[in-house]
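Below are the chains, spelled out letter by letter.
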Amino acid sequence: MLLILDIMTTAAILFVVAIGLLAIFGVLKIINFAHGAWLTIGAYCAVVTAQLGFNPWLALPLAFLVGGALGGLAELFIIRPLYRRPLDAILATWGLGIVIGQLITLGFGRDVQFTPNLLSGTVTVLGTDYSAYRLVALAAALVIGVAFAATMEGTRLGLSARAVIMNETLARGLGIDTARVRLITFMIGAGLAALAGVLLTPLTSVDPTMGVGWLIGAFMLVMVANGSLLALAIACLLFGAAQVLISTFVSPILGSIAIAILAALVLRVSPKGFARA
Amino acid sequence: MTEAARRLEPGMGGELELRDVVSGYGAISVVKGVSLHVGPGEIVALLGKNGMGKTTTLKTILGMIGLRGGAISVDSVSVVGLAPSKLAALGVGYAPQEQPLFQDMSIRDNLRLAIASDRQLPAALESVFGYFPFLKDRLAQHAGTLSGGEQKMLILARALMLRPRLLLIDEITEGLQPSVIDKIASVLLNERKKSGVTILLVEQNLDFALKVADRWAVLKLGQIDDEGPAEPNERERVLRHLSV
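This structure is a prediction, so every number in the text was calculated from the model and none was measured.

**Brief notes about the overall build of chain B**
Inference 1: Scanning chain B from terminus to terminus reveals 9 helices and 10 strands.
Inference 2: Oriented by its inertia axes, the alpha-carbon framework of chain B measures out at about 45 × 40 × 35 Å.
Inference 3: The buried share of chain B, reckoned over its 244 residues, is 43%.
Inference 4: Long-range contacts, defined here as pairs at least 24 residues apart, represent 69% of the contacts in chain B between residues at least 6 apart.

**Considering the overall build of chain A**
Inference 1: Looking only at helices and strands, one finds 12 helices and 2 strands in chain A.
Inference 2: In chain A, the order of α-helices and β-strands from amino to carboxyl end is α-α-α-α-β-β-α-α-α-α-α-α-α-α.
Inference 3: Rg of the C-alpha trace for chain A: 18 Å, near the compact-globule value of 19 Å for 277 residues, within the 12% margin.
Inference 4: Considered along the principal axes of its C-alpha atoms, chain A spans approximately 60 × 45 × 35 Å.
Inference 5: The buried share of chain A, reckoned over its 277 residues, is 46%.
Inference 6: Nonlocal contacts in chain A, meaning residues at least 24 apart in sequence, comprise 77% of its contacts between residues at least 6 apart.

**What about the nonpolar core?**
Inference 1: Counting 154 residues, the largest nonpolar core has A:Phe15, A:Val16, A:Ala18, A:Leu221, A:Leu232 and B:Leu201 as its most contacted members.
Inference 2: When sequence neighbours within four positions are dropped, the list of residues in contact with A:Leu221 reads A:Leu14, A:Ala18, A:Leu232, A:Ala235, A:Cys236, A:Phe239, A:Ile259 and A:Ala263.

**Overview of the interface of chain A and chain B**
Inference 1: The partner chain B presents 19 residues to the 13 residues of chain A that form the contact.
Inference 2: At the level of elements, α6 (156–166) and α7 (168–173) of chain A are the ones that each hand at least two residues to the side of chain A that touches chain B.
Inference 3: Counting residues per element, the side of chain A that touches chain B draws most heavily on α6(A), which supplies 5 residues.
Inference 4: A breakdown of the residues in the side of chain A that touches chain B according to their chemical character gives 6 nonpolar, 3 polar and 4 charged.

**Considering the packing of helix α1 (residues 2–28) of chain A against helix α10 (residues 229–249) of chain A**
Residue and element names in this part refer to chain A.
Inference 1: Remark: α1 packs on α10, axes separated minimally by 8 Å, with the N-to-C direction vectors making an angle of 135°. The orientation of α1 with respect to α10, classified from their angle, is oblique. Seen from above, α1 lies across α10 with right-handed handedness. Contacts between α1 and α10 involve Leu3, Asp6, Ile7, Thr10, Ala11, Leu14, Phe15, Ala18, Ile19 and Leu22 on the former and, on the latter, Leu229, Leu232, Ala233, Cys236, Leu237, Phe239, Gly240, Ala241, Gln243, Val244 and Thr248.
Inference 2: When the residues that make up the contact of α1 with α10 are grouped by side-chain class, the tally is 16 nonpolar, 4 polar and 1 charged.

**Some details on the UniProt feature "transmembrane region" (unreviewed entry) in chain A**
Inference 1: Mapped onto this structure's residue numbering, the UniProt feature "transmembrane region" (unreviewed entry) falls at residues 6–28, 35–54, 60–79, 91–110, 130–152, 181–200, 212–237 and 244–267 of chain A.
Inference 2: With 85% helix and 0% strand, residues 35–54 of chain A has its two end C-alpha atoms placed 26 Å apart.

**Side note on the sheet that holds strand β4 (residues 67–74) of chain B**
Residues and elements named next belong to chain B.
Inference 1: Spatially, 4 strands are ordered β2-β1-β4-β5 in an open sheet, and the strand pairing comes out antiparallel. If you trace the sheet from one side to the other, it starts and ends with β2 (28–38) and β5 (77–78), each paired once.
Inference 2: Relative to β2, helix α2 (residues 54–61) is tilted by about 70°, and along the sheet it contacts β1 (16–25), β2 and β4.

**What to know about α2(B)**
Residue and element names in this part refer to chain B.
Inference 1: Among the 8 residues of α2, 7 are classified as buried, and the element is accordingly described as predominantly covered.
Inference 2: Within the sequence span of α2, burial applies to Lys54, Thr56, Thr57, Leu58, Lys59, Thr60 and Ile61.
Inference 3: Gly63, located one to two residues past α2, shows a positive phi value of around 80°.

**A word on the sheet that holds strand β8 (residues 198–203) of chain B**
All names here are of chain B.
Inference 1: Pairing is mixed across the open sheet formed by 6 strands, whose spatial order is β6-β7-β8-β3-β9-β10. Since the sheet does not close on itself, it has two edges, and those belong to β6 (92–95) and β10 (223–229), each with one partner. Strand-to-strand twist across the sheet, computed as the mean angle between neighbouring axes with direction ignored, equals 15°.
Inference 2: Of the strand pairs in this sheet, strand β3 (residues 43–47) and strand β9 (residues 215–220) are connected by 4 bridges, and their pairing is parallel. Bridging from a neighbouring strand, Leu46 pairs with Ala217 of β9.
Inference 3: Where helix α6 (residues 148–161) meets the sheet, its contacts fall on β6 and β7 (166–170), and the angle it forms with β6 comes to roughly 175°.

**Describing the pairing of β3(B)**
Remark: a regular strand shows side chains that alternate across the two faces of the sheet.
Residues and elements named next belong to chain B.
Inference 1: Along β3, 5 of the 5 residues are buried, which leaves the element largely enclosed by surrounding structure.
Inference 2: Burial along β3 is two-sided: the residues Ile43, Ala45 and Leu47 and Val44 and Leu46 are all buried.
Inference 3: Note: β3 against β8, 5 bridges, orientation parallel. Residue Ile43 lies in a different strand from β8, and its bridge partner there is Ile199.

Criteria and thresholds
For every chain, the first residue of the written sequence is number 1, and numbering continues from 1 onward in sequence order. Here the convention is simple: chains get letters from A, ligands get numbers from 1, in the order in which they are written. Restriction of local features to residues with pLDDT of at least 70 applies here, the model being predicted, together with a cutoff of 80 or more for giving and counting side-chain atom pairs; totals for whole chains, interfaces and linings are based on all residues. What counts as a helix is a DSSP run of H or I of at least four residues, what counts as a strand is a run of E of at least two, and both are numbered from the N terminus. Exposed residues have 12 or fewer other C-beta atoms within 10 Å of their own C-beta, buried residues have 20 or more, and residues in between are partly exposed; the C-beta atoms are placed from the backbone. C-beta atoms are placed from the backbone for every residue, and two residues are taken to be in contact when these atoms lie within 7 Å. Only C-alpha atoms enter the radius of gyration; for comparison, a globular chain is expected to reach 2.2 Å times N to the power 0.38, where N is the number of residues. Defined on buried residues, the nonpolar core groups Ala, Val, Leu, Ile, Met, Phe, Trp, Tyr and Cys residues joined through C-beta atoms within 7 Å. In this classification, Asp, Glu, Lys and Arg are treated as charged, Ala, Val, Leu, Ile, Met, Phe, Trp, Tyr, Cys and Pro as nonpolar, and every other residue, Gly included, as polar. Axis definition: a line fit to C-alpha positions, over the contact stretch in the case of helices; interaxial angles, taken between N-to-C directions, run 0 to 180 degrees. Working definition: roughly parallel below 35 degrees, roughly antiparallel above 145 degrees, roughly perpendicular at 65 to 115 degrees, and oblique for all remaining angles. Helix crossings are classified by the rotation of the near helix relative to the far one: an anticlockwise turn of less than a right angle makes the crossing left-handed, while a clockwise turn makes it right-handed. UniProt positions are given in the numbering used here, feature names are shortened, and annotations may be inferred rather than shown by experiment. Pairing between strands is defined by DSSP: at least two bridges between the two strands are required.

Structure (structure tokens):
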């Protein structure tokens, strides 16, 4: 039972970390290599919330708003001129990530920051004591996934975003403001990344480079998902399971590189990854 | 009266004016000084062989291709530099020829994309169900599963959902059987009668063009080569321009 719970919660955490990157890649067709920096921004929102003495759960909406607003500025002034130059966009977002990391270092120093637990203790699941917080992370992933799917399928914004994903030229010809769709999508993706940063704080140390390690895994998962939310969920479950099983029964070091190796293998066999598999 | 209110008012303008329009791709100018007037409520067919600049002209009007010279106005207001989204808000509808539908979306979602708000959806749907009743029972069906003729009718239905004052239609009859072409002709003429919509029709089907349009113009190598009234006795004159 413990192993099953570990697999499910690990998959949930991977999903939460990667969904913002997927949103941006799906609509904008660029990989936001500053995604790790937005995770870090979110985590530091939790630090600031704690320093100000506020309820630590307030960090979640704060991070979403701060991440979304900064994402909007980045899209307007850095990303927008580079849509037709995807390689330059990769370099620009990578550079932006470095700049954000340095700015956070300037403001908070290089030291590891401590944040209060969002939820401590354990709960018993079918006779197994398990971390309450990891179960909350599982619930958060479900809520975020369902909300994202509902937005895409049930709102005008989602309809416009799907149109842009499928055929941007036609979408533009029909009068859809594709620039606005891209801006809002980037803001949502950046906001979700910052939200994920807060959710990571009880599970990882908070420092200016904390996002880099998560970025690689998220990037691999999004490549395998190829823009599909369902494929991302499947990838997180399968790769998360592999990571947990290898870490538990073989070696934690091998487990930490399991996602990268498996993603490379999947893409070698199926260039579209799990999408429409 | 607001722009939105004007857009919804039947018979309100839609006059299109192109003056010495130049546009193209990269270093090549495809449209080389086109001047064309389409009066309010008028239907004009823009004819010509392949590669003469017909679709490029439409895309230039829509702002999808940059204007290199000349002027374009709708109801005497310059639309140069306006994004396609702004043009749609002003009531300019478009039925494209290339990749015209979102194949993996439902018919309902394809139609929803034509209007700005879902609050307008019931009334807008009812207005096109009158022309194309088959759509009513198949709203959940994916657009890509429709037959060729049904897809063309969906394209036209989507353009009419906007209740446009100016409608730009690109080779809607291509590959269609005569009965579907007759149906489309009937819909366009009825809509013009009902709402006073102005239509610029890019076509290769001469019979359809002469049946629907009030006037024709032939585009040759990016310029208007000839034009005249769309009357049966004009057929031979137009054919001379279109023959290889």
